[in-house]
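# Structure at a glance
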Amino acid sequence: MAAVAAFRGPGCCAHPEATGIREEKETLRGTIEIDSARMSDAAAISAILLTNRADRDLFQESASGISRHVTDFIVARNEAGDIVGCAGVHRGPSALAQLYSVAVAPPWQGVGVGGKLVSAATRAAILSGVERLWGATVKPDYFTRYGFRPISAWELPSSVLLRQLRRTLRQPPGRIVLALTGKYTFMDRDLGRLPKMDH
Ligand SMILES: CC(C)(COP(=O)(O)OP(=O)(O)OC[C@H]1O[C@@H](n2cnc3c(N)ncnc32)[C@H](O)[C@@H]1OP(=O)(O)O)[C@@H](O)C(=O)NCCC(=O)NCCS
């Protein structure tokens, strides 16, 4: 099925203040809809992270934690309306944002959902005026596929590193040490500036 896109928020799709993104994509397991998360999705997003808890480097977040910044999230829904994947983009200082909590429900992994989420999250970031996207991952090869390159953590502003440390310390007991000692690669992608609109 051809992708359909509807951008919510003020102005047209290329407006820097546009905040939403919605599209339908075909996968080997059927059609998924990629859309901005709603407040009612917080528990399902938390559940997606939890179903991947065997991946000990993936940060866990409670539903209440997610609900505090649910507007960060893009979700993938299957034809039954169930959330099968998520990705968060948290806007930091100036035009810098973090890509985080990229996760796909195990039965849906390997059919392209993660890639579609990363691409949609990147587009949403560009539309909201983000010029540089960063992330910390133990799967750098995966993110290299989407244009990310390794950087030194010290290239990031201290406020951003502090937030990451706070996220680390909020991990459930038993995962904090793993989160502190995990072999995370910091990566970024320069999104450039959107072409200036004439109208
Ligand atoms: C990592 C994750 C998000 C990938 O999502 P996915 O939907 O399974 O991935 P996709 O189907 O979009 O994969 C696209 C491509 O990336 C490749 N790929 C998948 N995982 C990869 C990895 N760890 N390293 C390198 N490439 C990888 C796939 O083989 C596929 O290649 P192809 O297009 O040539 O066939 C998913 O496996 C997941 O949720 N893992 C647990 C949580 C996690 O680790 N998240 C990342 C946190 S930093």
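Residues numbered from 1 in each chain as written. Predicted model: local features only at pLDDT ≥ 70, side-chain atom pairs only at ≥ 80, totals over all residues.

This part takes up the nonpolar core. Formed by 40 residues in total, the largest nonpolar core has its most connected members in Ile-45, Ile-74, Leu-117 and Ala-121. Put simply, the parts of the chain that give this core at least two residues each are β2 (30-36), α1 (42-51), β3 (73-77), β4 (83-91), β5 (96-104), α3 (113-127) and β6 (132-137). The leading source of residues in this core is α3, at eight residues. (Core = buried A, V, L, I, M, F, W, Y, C linked by C-beta atoms within 7 Å. Buried ≥ 20, exposed ≤ 12 C-beta atoms within 10 Å, placed from the backbone. Helix = DSSP H or I, 4+ residues; strand = E, 2+ residues; numbered from the N terminus.)

So, on to the site of the ligand. Around the ligand sit 18 residues, and of these Gln-109, Gly-114, Gly-115, Thr-137 and Tyr-142 come closest. Those elements that place two or more of their residues in the shell around the ligand are β5, α3 and α4 (140-144). For the shell around the ligand, the class distribution of residues is seven nonpolar, seven polar and four charged. (Near = placed C-beta within 6 Å. Nonpolar A, V, L, I, M, F, W, Y, C, P; charged D, E, K, R; others polar.)

Sheet topology places strand β1 (residues 23-27) next to β2; five bridges connect them, and they run antiparallel. Counterpart to Lys-25 in the pairing with β2 is Ile-32. Count of turn residues in the β1/β2 antiparallel hairpin: two residues. Here four bridges tie β2 to β3, and the two strands are oriented antiparallel to one another. Looking at β3, one finds that Ser-36 is bridged to Ile-74. (Pairing = 2+ DSSP bridges.)

Backbone hydrogen bonds are what pair the strands of a sheet, in a parallel or an antiparallel way. An order of β1-β2-β3-β4-β5-β6-β8-β7 is seen for the eight strands of this open sheet, with the pairing classed as mixed. Every other strand in the sheet has two partners, leaving β1 and β7 (149-150) as the edge strands with one partner each. Sheet topology note: the β3/β4 ladder contains five bridges and is antiparallel. Residue pairing across strands places Arg-77 opposite Ile-83, the latter belonging to β4.

Burial within β6 is extensive, with five of its six residues counted as buried. The sheet contact formed by β5 and β6 spans three bridges and is parallel. By the bridge assignment, Gln-98 is partnered in β6 with Trp-134. Once you follow β5 into α3 and on to β6, the crossover reads as right-handed. (Right-handed = clockwise from strand over helix to strand, strands pointing away.)

Time to look at the confidence of the model for the protein chain. For the protein chain, per-residue confidence averages 87 on the pLDDT scale, and 86% of positions sit at 70 or higher. Throughout residues 1-19 the model reports pLDDT below 50, and contacts reaching past four residues in sequence, or to other chains, amount to 37 contacts. (pLDDT = per-residue confidence, 0-100. Contact = placed C-beta atoms within 7 Å.)

With that settled, the discussion passes to α3. The terminal C-alpha atoms of α3 lie 21 Å apart, and with 15 residues this matches the ideal 21 Å at 1.5 Å per residue to within 8%. Across the 15 residues that make up α3, a large majority, 11, are buried. Burial in α3 covers these residues: Val-113, Gly-114, Lys-116, Leu-117, Val-118, Ala-120, Ala-121, Thr-122, Ala-124, Ala-125 and Leu-127. Those residues of α3 that are buried are in contact with β1, β2, β3, β4, β5 and β6. Phi turns positive one or two residues past the end of α3, at Gly-129, with a value near 95°. (Expected span 1.5 Å × (residues − 1).)

As a further point, take unusual backbone geometry. The backbone of Ser-94 shows a phi angle near 45°, a positive value even though the residue is not glycine. Within the secondary structure, Ser-94 is located in the loop between β4 and β5. Accessibility expressed as a C-beta count within 10 Å gives 11 for Ser-94, which makes it exposed. Although it is not a glycine, Ser-101 adopts a positive phi angle of roughly 50°.

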